[in-house]
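Structure at a glance
Chain residues, written in single-letter form:
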Amino acid sequence: MNIKIRQATKKDITFLWDMLYEAIYVGEGEVRPPRSILDKPELAHSVENWGRHGDHALIAIDSDDNKVGAIWIRLFSEQNKTYGYVNENIPILSMAILPKYRGKGIGTRLIQEICTLAKINGYKAVSLSVDPANPALRLYERFNFKKIGVDGTSWDMKANL
Ligand SMILES: CC(C)(COP(=O)(O)OP(=O)(O)OC[C@H]1O[C@@H](n2cnc3c(N)ncnc32)[C@H](O)[C@@H]1OP(=O)(O)O)[C@@H](O)C(=O)NCCC(=O)NCCS
């Protein structure tokens, strides 16, 4: 599969919202929540007002230029945080790939590239939140994300860069 990765532009914001919805973990036998769940402030903070200083997103596209996945990092503050928050200097990573493109190595490439980008931008670490039942946990562990806390049913994880 010929997948390319490019930096996101403002035109990709709707796709970031779509990917934020795709990133919500739905356990075995559970019903996917309605899209209105993105109105919850803790989730909405991940994408709203995209384009702030420190926002970086990458889009994976197929050979027909269709968007198939995205990864992004963003800084937050105590007052304006989302899941996985550590402090205002550590960006939080979010990612998702469209269902039929999962498990083909695209997410691995996206994490590699966003970690490089984060390092170039002077960040010392990246954090995230994941449900430990989500198979994505294995991917994060391969990139040296370590559990640093528990928030409800999810783990907060951090990787030093
Ligand atoms: C997690 C995700 C972004 C990884 O991207 P990907 O292109 O599928 O990943 P790769 O093919 O590069 O790597 C494979 C790893 O991805 C994860 N993965 C693969 N399919 C997955 C799926 N359907 N759901 C969740 N994680 C999956 C596993 O960790 C897998 O590792 P394994 O082979 O040891 O099981 C993608 O699978 C996805 O969008 N999943 C659903 C949304 C999600 O869980 N986002 C993260 C929220 S914290």
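Here the structure is a predicted model, which means the values were calculated and not measured.

Rules and cut-offs
- Residues numbered from 1 in each chain as written.
- Predicted model: local features only at pLDDT ≥ 70, side-chain atom pairs only at ≥ 80, totals over all residues.
- Heavy atoms only, no water.
- Helix = DSSP H or I, 4+ residues; strand = E, 2+ residues; numbered from the N terminus.
- Rg over C-alpha atoms; globule rule 2.2 N^0.38 Å.
- Buried < 20%, exposed > 50% of the residue type's maximum accessible area, 1.4 Å probe, protein only.
- Salt bridge = Lys/Arg side-chain N within 4 Å of Asp/Glu carboxyl O.
- Pairing = 2+ DSSP bridges.
- UniProt positions renumbered as here; feature names shortened; annotations may be inferred.
- Near = heavy atom within 4 Å.
- Polar contact = N/O pair within 3.5 Å; in protein donor to acceptor, adjacent residues only side chain to side chain.
- Areas by Shrake-Rupley, 256 points an atom, 1.4 Å probe, with all protein chains shown as cover.
- Nonpolar A, V, L, I, M, F, W, Y, C, P; charged D, E, K, R; others polar.
- Contact = heavy atoms within 4.5 Å.

1. A short note on the overall build of the protein chain
Along the protein chain, the regular secondary structure elements total four helices and seven strands. Along the protein chain, helices (α) and strands (β) appear in the sequence β-α-α-β-β-β-α-β-α-β-β when read from the amino end. Here the protein chain has a C-alpha radius of gyration of 15 Å; the compact-globule value for 161 residues is 15 Å, and the two agree. For the C-alpha atoms alone, the extent of the protein chain along its principal axes is close to 40 × 40 × 30 Å. The buried share of the protein chain, taken over its 161 residues, is 45%.

2. A short note on the pattern of salt bridges
All told, the structure shown has six salt bridges when counted by the stated rule. For the salt bridge of D55 with R74, the shortest nitrogen-to-oxygen distance reads 3.0 Å. In this pair, D55 sits in the loop between α2 (41-44) and β2 (56-61) while R74 sits in strand β3 (residues 67-74), placing the two residues 19 residues apart along the sequence. For D55, a relative accessible area of 12% translates into the label buried. Judged by relative accessible area, which is 0%, R74 ranks as buried. When salt bridges with common partners are traced through the structure, they connect R6, D12 and K67 into a single cluster.

3. Examining the pairing of β2
Taking burial as the measure, the six residues of β2 include six buried ones, the bulk of the element. Of the two faces of β2, both are covered, the one formed by H56, L58 and A60 as well as the one formed by A57, I59 and I61. Where strand β1 (residues 4-7) lies against β2, four bridges are found, and the strand directions are antiparallel. Paired with I5 across the two strands is A60, which belongs to β2.

4. Some words on the UniProt feature "domain: N-acetyltransferase" (unreviewed entry) in the protein chain
Here the UniProt-annotated "domain: N-acetyltransferase" (unreviewed entry) positions come out as residues 3-161. Taken end to end, residues 3-161 comprises 23% helix and 27% strand; its first and last C-alpha atoms sit 25 Å apart.

5. What to know about the site of the ligand
Surveying the vicinity of the ligand reveals 21 residues, the closest of which are I97, G105, T108, P135 and R138. I97 has a polar backbone atom sitting 2.7 Å from an oxygen atom of the ligand. In this structure, an oxygen atom belonging to the ligand sits 3.1 Å away from a main-chain N or O atom of K104. Across the complex, the protein chains shield 79% of the 830 Å² of accessible surface that the ligand would expose by itself. Of all the elements in the fold, those that place two or more residues in the shell around the ligand are β4 (92-97), α3 (106-120), β5 (125-130) and α4 (136-142). Here the residues of the shell around the ligand are counted per class, giving 10 nonpolar, six polar and five charged.

6. Some thoughts on the side chain of H56
Among the structural elements, H56 can be located in strand β2. Taking relative accessible area as the criterion, H56 reaches 16% and is therefore assigned buried. At 3.5 Å, the side chain of H56 forms a polar contact with the side chain of N121. Setting aside residues no more than four positions away along its own chain, H56 makes contact with W50, I71, W72, I73, I114, L117 and N121.

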